[in-house]
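Examination of the molecular architecture
Residue strings, one per chain:
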Amino acid sequence: MAAAGAARELTQNPLQKTWEPYDNGLPAGHSAQRGVCMTNCPTLIVMVGLPARGKTYISKKLTRYLNWIGVPTKEFNVGQYRRDLVKKYKSFEFFLPDNEEGLKIRKQCALTALNDVRQYLSEENGHVAVFDATNTTRERRETIYKFGEENGYKTFFVESVCVDPEVIAANIVQVKLGSPDYVDCSNDEATEDFMKRIECYKNSYETLDETLDKDLSYIKIMDVGRSYLVNRVMDHIQSRIVYYLMNIHVTPRSIYLCRHGESELNLKGRIGGDPGLSVRGKEFAKSLAQFINEQNIKDLKVWTSQMKRTIQTAEALGVPYEQWKVLNEIDAGVCEEMTYEEIQENYPLEFALRDQDKYRYRYPKGESYEDLVQRLEPVIMELERQENVLVICHQAVMRCLLAYFLDKPAEQLPYLKCPLHTVLKLTPVAYGCKVESIFLNVEAVNTHRDKPENVGVDRSREEALRTVPNHL
Amino acid sequence: MAAAGAARELTQNPLQKTWEPYDNGLPAGHSAQRGVCMTNCPTLIVMVGLPARGKTYISKKLTRYLNWIGVPTKEFNVGQYRRDLVKKYKSFEFFLPDNEEGLKIRKQCALTALNDVRQYLSEENGHVAVFDATNTTRERRETIYKFGEENGYKTFFVESVCVDPEVIAANIVQVKLGSPDYVDCSNDEATEDFMKRIECYKNSYETLDETLDKDLSYIKIMDVGRSYLVNRVMDHIQSRIVYYLMNIHVTPRSIYLCRHGESELNLKGRIGGDPGLSVRGKEFAKSLAQFINEQNIKDLKVWTSQMKRTIQTAEALGVPYEQWKVLNEIDAGVCEEMTYEEIQENYPLEFALRDQDKYRYRYPKGESYEDLVQRLEPVIMELERQENVLVICHQAVMRCLLAYFLDKPAEQLPYLKCPLHTVLKLTPVAYGCKVESIFLNVEAVNTHRDKPENVDISRPPEDALVTVPAHQ
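Looking at an unreviewed UniProt entry, chain B carries the name 6-phosphofructo-2-kinase/fructose-2, 6-bisphosphatase 4 isoform X1, with the source organism given as Apteryx mantelli. Taken from UniProt, the Sequence similarities (unreviewed entry) comment for chain B reads in full: "In the C-terminal section; belongs to the phosphoglycerate mutase family."

Chain A is annotated in an unreviewed UniProt entry as 6-phosphofructo-2-kinase/fructose-2, 6-bisphosphatase 4 isoform X2 of Apteryx mantelli. Under the Sequence similarities (unreviewed entry) heading, UniProt states for chain A: "In the C-terminal section; belongs to the phosphoglycerate mutase family."

Take the overall build of chain A next. Scanning chain A from N- to C-terminus turns up 15 helices and 15 strands. Scaling as 2.2 N^0.38, a compact globule of 472 residues should have a C-alpha radius of gyration of about 23 Å, and chain A matches this with 25 Å. The principal-axis extents of the C-alpha atoms in chain A amount to approximately 75 × 70 × 40 Å. By the burial criterion, 57% of the 472 residues in chain A qualify as buried. Considering only contacts in chain A between residues 6 or more positions apart, those separated by 24 or more positions represent 68%.

A few words on unusual backbone geometry. Within the chain, Asn296(A) stands out as a residue other than glycine whose phi angle is a positive 50°. In this fold, Asn296(A) is placed in the loop between α9 (279–295) and β11 (301–304). The phi torsion at His421(B) lies on the positive side, around 65°, for a residue other than glycine. Residue His421(B) is classed as buried on the basis of its relative accessible area of 0%.

Residues and elements named next belong to chain B. Interaxial distance between helix α5 (residues 165–176) and helix α6 (residues 187–202) falls to 11 Å at its minimum, and their mutual angle equals 120°. The angle between α5 and α6 places the two elements in the oblique class. Read as a crossing pair, α5 and α6 show a hand that is right-handed. Mapping the contact onto sequence places Ile168, Ile172 and Lys176 in α5 and Thr191, Phe194, Met195 and Ile198 in α6. Per-class residue counts for the contact of α5 with α6 are five nonpolar, one polar and one charged.

Residues and elements named next belong to chain B. In space, the six strands of this open sheet follow the order β12-β11-β13-β10-β14-β15, with mixed pairing throughout. Looking at the sheet topology across the chains shown, the edges are occupied by β12 (322–323) and β15 (432–439). Alignment of strand β11 (residues 301–304) against strand β13 (residues 389–393), held across four bridges, turns out to be parallel. Across the sheet, the residue bridging to threonine 304 is isoleucine 392, located in β13. Against the sheet, helix α13 (residues 369–385) engages β10 (255–259), β11 and β13, with an angle of about 175° to β11.

Below, the discussion takes up the packing of aromatic side chains. Per the counting criterion, the structure on display carries 29 aromatic pairs over all chains. Plain terms: the ring middles of Tyr243(A) and Tyr243(B) are 3.7 Å apart, the flat faces sit at 5° to each other, and that makes the pair stacked. Remark: Tyr243(B) occurs in helix α7 (residues 236–245) and Tyr243(A) occurs in helix α7 (residues 236–245); the pair is interchain, linking two chains. Each of the two residues, Tyr243(A) as well as Tyr243(B), counts as buried. Taken together, a centroid distance of 5.5 Å and an interplanar angle of 65° make the contact between Trp68(B) and Tyr404(B) edge-to-face. Remark: Tyr404(B) occurs in helix α14 (residues 395–406) and Trp68(B) occurs in helix α1 (residues 55–68); sequence separation between them is 336 residues. Relative accessible area serves as the criterion here: at 6%, Trp68(B) is assigned to the buried category. Judged by relative accessible area, which is 0%, Tyr404(B) ranks as buried. One Lys or Arg, Lys358(A), reaches over the ring of Tyr415(A) and ends 4.6 Å from the middle of that ring.

Scoring rules and cut-offs
Residues numbered from 1 in each chain as written. Chains lettered and ligands numbered in written order. Predicted model: local features only at pLDDT ≥ 70, side-chain atom pairs only at ≥ 80, totals over all residues. Heavy atoms only, no water. UniProt positions renumbered as here; feature names shortened; annotations may be inferred. Helix = DSSP H or I, 4+ residues; strand = E, 2+ residues; numbered from the N terminus. Rg over C-alpha atoms; globule rule 2.2 N^0.38 Å. Buried < 20%, exposed > 50% of the residue type's maximum accessible area, 1.4 Å probe, protein only. Contact = heavy atoms within 4.5 Å. Axes fitted to C-alpha atoms, helices over the stretch in contact; angles between N-to-C directions. Parallel < 35°, antiparallel > 145°, perpendicular 65-115°, else oblique. Left-handed = near helix turned anticlockwise from the far one by under 90°. Nonpolar A, V, L, I, M, F, W, Y, C, P; charged D, E, K, R; others polar. Pairing = 2+ DSSP bridges. Phe/Tyr/Trp six-rings, centres within 6.5 Å; stacked < 30°, edge-to-face > 60°. Lys NZ or Arg CZ within 6 Å of the ring centre and 35° of its normal.

See the structure below:
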């Protein structure tokens, strides 16, 4: 702790434009810059529940969300460890409570997985690990809790409780019939075997108890989210996890993402600004209206940004829409309304830095993709709550949203292809998202600039501009 | 619903810079612009719980939060209706279950309050009403639920359950001893009477039950937030209410708000930018360090924006601090780094519009106070979670945060006094917040510009500039 009055000098990081203290010519190791320091010590999330209660669904979704908001998270599915160890699954009998060989293997898998958890959290800078297994006995949970304590992790349990046979049957169809365990079985055989597998766990199942487990931190999710019991939330990340889990649902629906119609500035190869639609952009808006009508979508919500071009596009639909300021395009700061050629001309260093790390690069007096993700988080949260939604937004914004749904890492996010006049229809299926890309048959300029080969600050003008798409 | 293809023309609202459809020369009634349309139908929040369980504390806090984020909310305290009707409180005997006169009056008060709720939600454009009473019987709650249904409100129950005698005793000391009911009693007399008052309710208390009340939407808060039972959250606003209630706590603590030290641009009367501290600003930073040391604050967290002037100020403290981009000063868009004289010179219309509605006014290519509140919401949420925090921020940002803690409405918010070199220490007490203002004895320019008398767009420059504070 530096003595009061010995204020260190500040230097501005050229990529992210953040101010950092500067000790003896070297950056002094900056303070947390992601807003709240999410995780002081690593968090171990432990799933709890009978088979086919949605544990893996929740694990994968939560992992995807946490990574997207910038919290390094990894899931550890013990069933997968078992599949890697026992090459061929024979039958439910592996899971019988008196199958000594089975118990030995399953315990070994759990320990191997925990060891990988330890490596991820303590050696690989992971912040959150999701331990996905049934963990249905108090004894097993205590073992894991002790493991967490020994390693300095905060443990948070997520239990899914469900008795509705229809839900369980649907889960089996969605994710179990296609499992590697049942690759050689008919659907009926697989279902029958899986139901017996569930029975193997039921006798020893000890649900999280309000009295016996009163000192643990946990959320108990009941009947696919009808109700929740939340106990002893310890810190910020647990609070965010609880909020997220309470907002997700499994009702089938589709999310439609598209950009505004082609704009006057798009035509000229200029970025940002608040222009209106070009002639072709207006054509697209009409095509979009027709497409939406034909899709016959139940209770469709339509969202736009507060920029003229998305609102103009929505207007053509003739339905109510909501404007969100946080859906506005990335702020290019001093580069607003410039062409890439002009950026290269006036800010060659900035242009190169951007190519070096497009995700973290912040325009002078503007934003970065990293900033965009922060401001889009409430949109993602509300999209999770909603059912059928059409989001009419912008290139960088759409890339961020798409990366969330398709689990794309930060390095790939700024290069996702989101062309004009193309609707992406996202439909959750099994553990992921089906994507359909529909080009609405109205020509538009290409606005996608690939990462050039040479990203050095001393590159030639020509190397910098090689991947710029054509424009007027 | 307009036919597809009949896209309406858009016009830009000169105050908020939002794009609105334009029908036959008149604005066509704009679509929801606050992002998510929070409330489709009004929400009736019904508090439940024995006396001294924190119902009024929660009601007031929740009302304050919802109003701050822009959801018109009002609380209706039935005890207050009773005090208005029965001028003088005699004793707990009023609350005895067999006191016919008392029962009659109390029922009448509840009905009067519900009538006012109806007026607020159905006639006065209120979005949320908080009905603050014990509501401890299932019968009473059914009456209220029916009332909600008849009027098209969504009903959400908030129950506070607590059996810890220490908590209840502390509540009585905090908020009951000073109640108008006990103005002529000694503390002992008041406490004794109040304990008997609680007893009057206990026999007929029917807590929200997982089975009997499974179709209701509610949150049950247990032991001042150790655990929560959440059932059937129906929509966005209920989800936000649950999230808020799960993040607040009652642990005593203080929040310190201050601005960065005086900056080079402050001296010149220029707004915005990213300047460094002036000589006096650096002096202030040292004084702040000394002040903080003397206060001897346990586990103080320090937050800054990502602008150089707040970080420089924090650096002098010699303790770790976190940088939040969302704490950055309001973006003045095209007016960044101008003096008020220059704004009047270059943008006289904008300058007048700002004086007409300073809360909603958005700078061209910039932000409004209304936008600021939206982006500061995560800061407020995290401040609620935290304990002792020092927030080093900016004038407009500090006004927004202060308005939240002191429950100041939108009209007053942009004119709250937040002078340089002055720390505001906020300490929650009873139902509100104590404020101590500490000037750290280092002179600085005044940056507070009062609303001038003449806000007409046709005003002469002198009228516009008459309240501009002195500068170099």
